Amino acid sequence: MRADRDTGAVRRWRSEAIHRIEADFNRSADTHLIRVELPRHPGITLYLKDESSHPTGSLKHRLARSLFLYALCNGWIGPDTCVIESSSGSTAVSEAYFAKMLALRFIAVVPASTAAPKLDAIRFHGGEIHMVDDPRTVYDVSNTLATETGGHYLDQFTYAERATDWRGNNNIAESIFAQMSAEEHPVPRWIVCGAGTGGTSATIGRFIGYQRHATRLCVADPVHSVFHRHFSDRQALSLPEGCGSCIEGIGRPRVEPSFIPSVIDRMIAVEDVASIGAMRALSRRLGRRVGGSTGTNLVAVTQLVEEMAARGDVGSIVTILCDGGERYGCTYYDDPWLDARGLDWRAQETAFSAIFGL
Ligand SMILES: *Cc1c(COP(=O)(O)O)cnc(C)c1O
């Protein structure tokens with residue numbers, strides 16, 4: 001059931017709700033663009049768009065804000081709507097933050113395997129948890145819960161690509177290009193990101209096209225994800241065995257509706273062990289922990305840097321620091337956890353440290 005658009009009280013509530021989200025945005029600073037020199041390649045500079053500095057700690061803060069505004073402006077959310085999402089991680093944390101801001105009930109539908117720190121973060125922001133044993137059922141269970149509660153399923157995997165204004169409105173791409181404007185190479189050769197919903201790559205790819213920039217878009221994807229297979233063969237739509245990657249936030253077993261391959265110039269498949277090694281190397285370089293998907297991005301960046309250097313090319317490359325390492329203390333930063341999974345990351349860390357001259 002949808003909230004009645006014509007009721008004066010609902011209309012006033014909706015207006016106040018949008019105002020609250022906009023006022024929160026108005027109080028927030030933009031995320032930093034960190035410049036990282038690569039001593040081995042003096043003509044090439046790396047930039048990290050630090051999305052860990054959002055109030056809820058990841059790039060999903062932008063997505064959650066967009067999904068709430070989109071649902072409010074569509075008349076899908078009213079003062080008594082229970083808001084539901086299928087997410088095992090960062091999206092639910094950010095959405096719980098906005099639901100609390102609007103005093104709405106929020107339920108995250110999560111696989112039973114979800115790590116405790118993620119659940120704690122969702123609960124910290126006032127969200128409720130609904131666990132399912134089979135991860136493949138999260139979409140159906142979310143729909144059923146929405147029907148039963150008369151609520152609204154935000155559905156990040158469908159709406160991520162359309163809820164964000166791709167032409168601008170300080171989306172991540174517009175922010176990156178504005179922050180690059182005073183650099184020696186203001187138009188990057190490459191922007192590198194990952195794909196979970198596909199929303200970030202859709203926004204960046206469309207913005208590059210619209211602005212007619214020469215920048216190319218590369219998506220770094222776990223080897224055990226369907227997205228890069230779909231990129232080279234549009235018939236590949238799902239992985240029957242599921243997505244075997246341990247990198248949270250990216251890589252999916254089915255091609256999500258929000259993944260738009262036509263705006264991507266290149267995809268690079270990355271082994272989890274390389275992602276972990278690169279994540280550790282970058283964390284040492286920055287003096288603070290970053291998440292696993294940032295490591296995946298860095299593996300692709302390293303390959304592109306080496307290709308540029310081999311051609312004698314100079315320029316800039318931008319990638320996304322998707323989230324910090326705080327939520328991964330019991331996983332990617334726990335040596336026994338990695339060893340138990342046969343992830344021999346040490347040689348990889350050494351190899352990726354070289355790009356920073358470490
Ligand atoms: C969601 C997510 C991504 C991928 O972003 P999308 O816009 O959903 O494709 C990368 N890293 C982390 C940590 C994420 O949570």
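Calculation criteria
- Residues numbered from 1 in each chain as written.
- Predicted model: local features only at pLDDT ≥ 70, side-chain atom pairs only at ≥ 80, totals over all residues.
- Heavy atoms only, no water.
- Helix = DSSP H or I, 4+ residues; strand = E, 2+ residues; numbered from the N terminus.
- Rg over C-alpha atoms; globule rule 2.2 N^0.38 Å.
- Buried < 20%, exposed > 50% of the residue type's maximum accessible area, 1.4 Å probe, protein only.
- Contact = heavy atoms within 4.5 Å.
- Near = heavy atom within 4 Å.
- Polar contact = N/O pair within 3.5 Å; in protein donor to acceptor, adjacent residues only side chain to side chain.
- Areas by Shrake-Rupley, 256 points an atom, 1.4 Å probe, with all protein chains shown as cover.
- Nonpolar A, V, L, I, M, F, W, Y, C, P; charged D, E, K, R; others polar.
- Pairing = 2+ DSSP bridges.
- Axes fitted to C-alpha atoms, helices over the stretch in contact; angles between N-to-C directions.
- Right-handed = clockwise from strand over helix to strand, strands pointing away.

What follows deals with the overall build of the protein chain. Each helix and strand counted, the protein chain has 13 helices and ten strands in total. Here the C-alpha radius of gyration of the protein chain, 20 Å, is about what a compact globule of 358 residues would show, namely 21 Å. Its C-alpha atoms put the protein chain at 65 × 45 × 40 Å along the principal axes. Residues counted as buried form 58% of the 358 residues belonging to the protein chain. Long-range contacts, defined as pairs at least 24 residues apart, comprise 73% of the intrachain contacts of the protein chain with a sequence gap of at least 6.

Okay, the site of the ligand next. As a matter of local geometry, the ligand sits amid 15 residues, with Lys60, Gly196, Thr197, Thr200 and Ser293 nearest to it. Within the backbone of glycine 196, one N or O atom sits 2.7 Å away from an oxygen atom of the ligand. With respect to the ligand, the side chain of threonine 197 contributes an N or O atom lying 2.7 Å from an oxygen atom. Burial of the ligand by the protein chains amounts to 96% of its free accessible area of 380 Å². A per-class count over the shell around the ligand returns four nonpolar, nine polar and two charged.

Turning our attention to the sheet that holds strand β10 (residues 315–321). On the basis of which strands lie adjacent, the open sheet formed by six strands has the order β1-β2-β10-β7-β8-β9 and mixed pairing. Unpaired on one side and paired on the other, β1 (33–37) and β9 (266–270) mark the two borders of the sheet. If you compare each strand with its neighbour and ignore which way they point, the axes differ by 25 degrees on average. As defined by bridge partners, strand β8 (residues 216–222) adjoins β9 across five bridges and the pair is classed as parallel. Within β9, the residue paired with proline 222 across the bridge is valine 270. Sitting on the sheet, helix α7 (residues 172–179) touches β1, β2 (44–50), β7 (190–193) and β10, and the angle it makes with β2 is about 135 degrees.

This part covers the sheet that holds strand β3 (residues 83–86). Strand order in this open sheet of four strands is β5-β4-β3-β6, and the pairing throughout is parallel. Two strands bound the open sheet, and with one partner strand each, they are β5 (128–132) and β6 (152–153). Note: strand β4 (residues 106–111) against β5, five bridges, orientation parallel. Note that in β5 the partner of valine 109 across the bridge is histidine 130. Its contacts with the sheet put helix α5 (residues 138–149) on β3, β4, β5 and β6, and the angle it makes with β3 is roughly 170 degrees.

Our next topic: unusual backbone geometry. Even without glycine at this site, alanine 103 takes up a positive phi of about 55 degrees. Within the secondary structure layout, alanine 103 lies in the loop between α3 (90–101) and β4. Looking at alanine 103, the relative accessible area reads 63%, which means it is exposed. If you check the backbone angles, aspartate 155 has positive phi at about 60 degrees while not being a glycine. Residue placement: aspartate 155 occurs in the loop between β6 and α6 (156–163). Under the relative-accessibility criterion, aspartate 155 is labelled buried at 13%.

Judged by which residues are buried, β7 turns out to be covered on both faces: Trp190 and Val192 on one side and Ile191 and Cys193 on the other are all buried. Looking at chain direction, β7 and β8 are connected through four bridges and run parallel. Opposite tryptophan 190, over in β8, you have arginine 216 as the bridge partner. Following the backbone out of β7, through helix α8 (residues 199–211) and into the adjacent parallel β8, one traces a crossover that is right-handed. Of the pairings in the sheet, the one linking β7 to β10 comprises three bridges and is parallel in character. Paired with isoleucine 191 across the bridge in β10 is valine 318.

In short, the description is geometric, and any link to function would need to be established separately.
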